[in-house]
Amino acid sequence: MHSRRLRSRTVGWGLVAAAVFVIALVLVTWKATSPLLFLLYPVLVLGVLALLAMAVLWALKHF
Amino acid sequence: MVTWSQGAEDEQRTEQSKVTIRWIVVTVALAAVTYMRRTGTVDTPWPVIVALTAVITTLNLGFSAVLRRGAVSPRGALRWLRYVTTGSDLAIISVLVGYSGGSASPFYYVYFIVLVSNAVRYGMAMAVFVALVYNVAYVAVLMVRPATDLTAEGAKILAFWGVALYAGYLAARFQRQTRILQAYEETILSLRARLGGREGPGGSA
């Protein structure tokens, strides 16, 4: 039970991080001053996907 | 159950078909760039067109030679070759895009041919690989040929990521269904064999 609560907190922080990544994606696209900033996309896109996948799998009780 | 040698043969067949399709796409693309250069639609220098033709021809002949020699390891099954061929395709397209107008190049959409054809063949891992290499290569193109509207370019890169992930997802689903069908076929075959054994001369039924 204790480890379950700990995991829910981790998932919560994961969702916060995913939201931050989405905001960063929008900001990079909107306010980019150099094409080099687009190199952040792989980290941000794959990060959002991984964090959302973690949350969905946790909600479905996969772990 | 798919054996290692079967996997290697499939991989070899897939890469061989990629070589054939590359000859067709390259012929069409280079004919188009030559025509557009003559009509003044693009300003790609002739030495670049000739160099690209030579590089693609050499690479394609090299890939054919590797496939003919059958560089198949018992476990690896040419796994490395798919990434080398795809990476080289994307690099060549980036050079063509860079020299034919950068972000306004009419050859930008060739990236999508590489993405979709490879994602459908190899699944999600390859789709992510293509998107990653495209992302880095297109940033390099934008550094060499700066675009006026960076927001639009960012949106183009994000759209490419969207197409890549969706194509990868669809391919993964298709591969899963194929595996399920294969398992069903194997079950039916084994059941038929067992039934045949029971109905035979020594069977009880």
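Residues numbered from 1 in each chain as written. Chains lettered and ligands numbered in written order. Predicted model: local features only at pLDDT ≥ 70, side-chain atom pairs only at ≥ 80, totals over all residues.

1. Remarks on the overall build of chain B
Where we set the bar: Starting at the N terminus, helices and strands are each numbered in turn, a helix being any DSSP run of H or I of at least four residues and a strand any DSSP run of E of at least two. Put plainly, a residue is buried at 20 or more neighbouring C-beta atoms within 10 Å of its own, exposed at 12 or fewer, and partly exposed in between, counting only other residues' C-beta atoms, which are placed from the backbone. Residues are scored as being in contact if the C-beta atoms we place from backbone atoms lie within 7 Å.
Within chain B one finds six helices and zero strands. Taking all 205 residues of chain B together, the buried fraction comes to 30%. Put simply, of all contacts in chain B between residues at least 6 apart along the chain, 73% involve residues at least 24 apart.

2. Observations concerning helix α2 (residues 46-69) of chain B
So the rule is basically this: For a helix, the expected span equals 1.5 Å multiplied by the number of residues minus one.
With 24 residues, α2(B) extends 35 Å from end C-alpha to end C-alpha; this agrees with the ideal 34 Å at 1.5 Å per step. Within α2(B) the residues assigned to the buried category are B:Leu52, B:Ile56 and B:Leu67.

3. Some words on the environment of B:Ala152
All names here are of chain B. Tracing the backbone through its elements, the reader meets Ala152 in helix α6 (residues 150-199). For Ala152, a count of 11 C-beta atoms within 10 Å corresponds to the exposed category. C-alpha of Ala152 to C-alpha of Ser103: the two residues are 49 residues apart in sequence and 9.7 Å apart in space.

4. A few points about the packing of helix α3 (residues 79-99) of chain B against helix α5 (residues 124-144) of chain B
Residue and element names in this part refer to chain B. What counts here: A fitted line through C-alpha atoms serves as each axis, taken over the contacting stretch for helices, and the angle formed by two N-to-C directions is quoted from 0 to 180°. Should an angle fall under 35 degrees it is taken as roughly parallel, and over 145 as roughly antiparallel, whereas 65 to 115 is taken as roughly perpendicular and any remaining angle as oblique. Take the far helix as your reference; a near helix turned counterclockwise from it by less than a right angle gives a left-handed crossing, and one turned clockwise gives a right-handed crossing. When residue character is reported, Ala, Val, Leu, Ile, Met, Phe, Trp, Tyr, Cys and Pro are called nonpolar, Asp, Glu, Lys and Arg charged, and the others, Gly included, polar.
Remark: α3 packs on α5, axes separated minimally by 10 Å, with the N-to-C direction vectors making an angle of 25°. The pairing of α3 with α5 is recorded here as roughly parallel in orientation. Between α3 and α5 lies a crossing of right-handed hand. Across from Arg82, Tyr83, Thr86, Gly87, Leu90, Ala91, Ser94, Val97 and Gly98 in α3, the residues of α5 making contact are Met126, Phe129, Val130, Val133, Tyr134, Ala137, Tyr138, Ala140, Val141 and Val144. By residue class, the composition of the contact of α3 with α5 is 14 nonpolar, four polar and one charged.

5. Some words on the interface of chain B and chain A
Between chain B and chain A, the contact holds 14 residues from the first and eleven residues from the second. Listing elements by their share of the side of chain B that touches chain A, those giving two or more residues are α5 and α6 of chain B. Counting residues per element, the side of chain B that touches chain A draws most heavily on α6(B), at eight residues. For the side of chain B that touches chain A, the per-class residue count stands at ten nonpolar, three polar and one charged.

6. Concerning the nonpolar core
Convention followed: Residues enter a nonpolar core if they are buried, belong to Ala, Val, Leu, Ile, Met, Phe, Trp, Tyr or Cys, and are joined to the set through C-beta atoms within 7 Å.
B:Ile93, B:Ala119, B:Ala127, B:Val130, B:Tyr134 and B:Ala164 are the most contacted members of the largest nonpolar core, which totals 42 residues. Of all the secondary structure elements, the ones that give two or more residues to this core are α1 (2-31) and α2 (41-59) of chain A together with α2, α3, α4 (110-122), α5 and α6 of chain B. Here this core gets twelve residues from one element, more than from any other, and that element is α5(B). Here B:Val130 is in contact with B:Thr86, B:Leu90, B:Val114, B:Leu115, B:Asn118, B:Ala119 and B:Ala164, once residues within four sequence places are set aside.

7. Describing the environment of B:Trp80
Residues and elements named next belong to chain B. Within the secondary structure, Trp80 sits in helix α3. On the neighbour-count criterion, Trp80 (11 C-beta atoms within 10 Å) is exposed. Between the C-alpha atoms of Trp80 and Met126, which are 46 residues apart in sequence, the distance is 12 Å.

8. As for α3(B)
Compared with the 30 Å implied by 1.5 Å per residue over 21 residues, the 32 Å span of α3(B) between its first and last C-alpha is a close match. Of the residues trailing α3(B), B:Gly101 is marked for its positive phi of about 115°.

Spatial relationships are all this shows, so hold off on functional conclusions.
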